[in-house]
Amino acid sequence: MSPGCSHNSNLYWTDWNREAPKIETSYMDGSNRRVLVKDDLGLPNGLTFDRRSSLLCWADAGTHMMECMNVARGDRRKVTDGMRYPFAVTSLGNTIYYTDWQRDALVAVDRHTGKETDQFQPQKQTKLYGVAVAYAECPSGQNYCSVNNGGCTHLCLATPAGRSCRCPSNAATVGCVERDDQ
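Residues numbered from 1 in each chain as written. Predicted model: local features only at pLDDT ≥ 70, side-chain atom pairs only at ≥ 80, totals over all residues. Heavy atoms only, no water.

A. Just the packing of aromatic side chains, in detail. Tallied over the full model, the rule gives six aromatic pairs. On the numbers, 5.6 Å between centres and 15° between planes, the contact of Y85 with W101 is stacked. Residue Y85 is located in the loop between β7 (75–81) and β8 (86–92), and its partner W101 is located in the loop between β9 (95–100) and β10 (105–110); the two are separated by 16 residues in the primary sequence. Its relative accessible area of 26% is what places Y85 among the partly exposed residues. Exposure remark for W101: the relative accessible area of 18% places this residue in the buried category. With 5.7 Å between their ring centres and 85° between their planes, F87 and Y129 make a pair best called edge-to-face. In this pair, F87 is assigned in strand β8 and Y129 in the loop between β11 (116–120) and β12 (155–159), connecting sequence segments 42 residues apart. (Phe/Tyr/Trp six-rings, centres within 6.5 Å; stacked < 30°, edge-to-face > 60°. Helix = DSSP H or I, 4+ residues; strand = E, 2+ residues; numbered from the N terminus. Buried < 20%, exposed > 50% of the residue type's maximum accessible area, 1.4 Å probe, protein only.)

B. Fine view of the UniProt feature "repeat: LDL-receptor class B" (unreviewed entry) in the protein. When the UniProt feature table is mapped onto this chain, "repeat: LDL-receptor class B" (unreviewed entry) is found at residues 9–53. End C-alpha atoms of residues 9–53 are separated by 16 Å, and the span's content is 0% helix alongside 51% strand. (UniProt positions renumbered as here; feature names shortened; annotations may be inferred.)

C. The arrangement of the nonpolar core in detail. With 13 residues, the main nonpolar core has M66, C68, V89, I96 and Y98 as its most contacted residues. Elements that contribute at least two residues to this core include exactly β5 (55–60), β6 (65–70), β9 and β10. Setting aside chain neighbours within four positions, we find C68 in contact with L55, L56, C57, W58, D75, R76, R77, V79, I96 and R111. I23, V37, L41 and F49 belong to the second largest nonpolar core, which has nine residues in total. (Core = buried A, V, L, I, M, F, W, Y, C linked by side-chain atoms within 4.5 Å. Contact = heavy atoms within 4.5 Å.)

D. Structural context of the pairing of β8. Where burial is concerned, most of β8 is hidden: six out of the seven residues are buried. In this sheet, β9 lies alongside β8 in antiparallel orientation, the contact comprising five bridges. Opposite L92, over in β9, you have T95 as the bridge partner. The antiparallel hairpin formed by β8 and β9 contains two residues in its connecting segment, where G93 sits at a positive phi of about 65°. (Pairing = 2+ DSSP bridges.)

E. Looking closely at the pattern of salt bridges. Applying the stated criterion to the full structure yields eight salt bridges. K78 serves as the salt-bridge partner of D81, at 3.1 Å between the closest nitrogen and oxygen. D81 gets classed as partly exposed once you look at its relative accessible area, which sits at 43%. On the basis of relative accessible area, K78 is assigned to the partly exposed category, the value being 43%. (Salt bridge = Lys/Arg side-chain N within 4 Å of Asp/Glu carboxyl O.)

F. Up close: the environment of S53. For S53, the position within the fold is in the loop between β4 (44–50) and β5. On the basis of relative accessibility, which here comes to 25%, the residue S53 falls in the partly exposed class. Residues within four places of S53 in sequence aside, it is in contact with N70 and R111. A distance of 2.7 Å separates a polar atom in the side chain of S53 from a polar atom in the side chain of D50. (Polar contact = N/O pair within 3.5 Å; in protein donor to acceptor, adjacent residues only side chain to side chain.)

G. Just the sheet that holds β11, in detail. Read from one edge of the open sheet, four strands run β8-β9-β10-β11, paired in antiparallel fashion. Unpaired on one side and paired on the other, β8 and β11 mark the two borders of the sheet. For this sheet the average axis-to-axis angle between neighbouring strands, irrespective of direction, equals 20°. (Axes fitted to C-alpha atoms, helices over the stretch in contact; angles between N-to-C directions.)

H. Representation of unusual backbone geometry. Despite not being glycine, D40 shows a phi value in the positive range, around 55°. Structurally, the position occupied by D40 is in the loop between β3 (34–37) and β4. Residue classification places D40 among the exposed residues on the basis of a relative accessible area of 63%. Here the phi dihedral of H64 falls at roughly 60°; this positive angle occurs in a residue that is not glycine. For H64, the location among the structural elements is in the loop between β5 and β6.

Here it is in structure tokens:
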């Protein structure tokens, strides 16, 4: 996701626990935390959400595969396998880009066919860490925190149905009010 943009006010992340790796989600305020994927994962390094297709995709350095799923339906499908050591991943349209630490390259893969369409290598061989797509503007939609900080005194966190107002750790001295508006 690009900075400032979210899909239904959800966060997505991978847990690299070697004994029980998983992919999780929650609302931006940390509530409604749940596991999306826990089976057949090795080392899910990269994770990206494509807002146009509503697909959550990840690159797994343990299984050497890239997979995608529709979060609402929970279906999961392999995009490609035989990857060497994928690390970061992002998507734009039908193309998924991932960095590969063994190839020292940024690789482009067609999401529908699983075929590599291009490879970019930096002039100096090095491990490529992050990769991101920056959209010119966020998608249209309701952002409950965009006007007047959502009416919150300090931190406004969007949730699918409203907002959650949160305080810093020294809230007693700064007059902060916590509340959930849903």
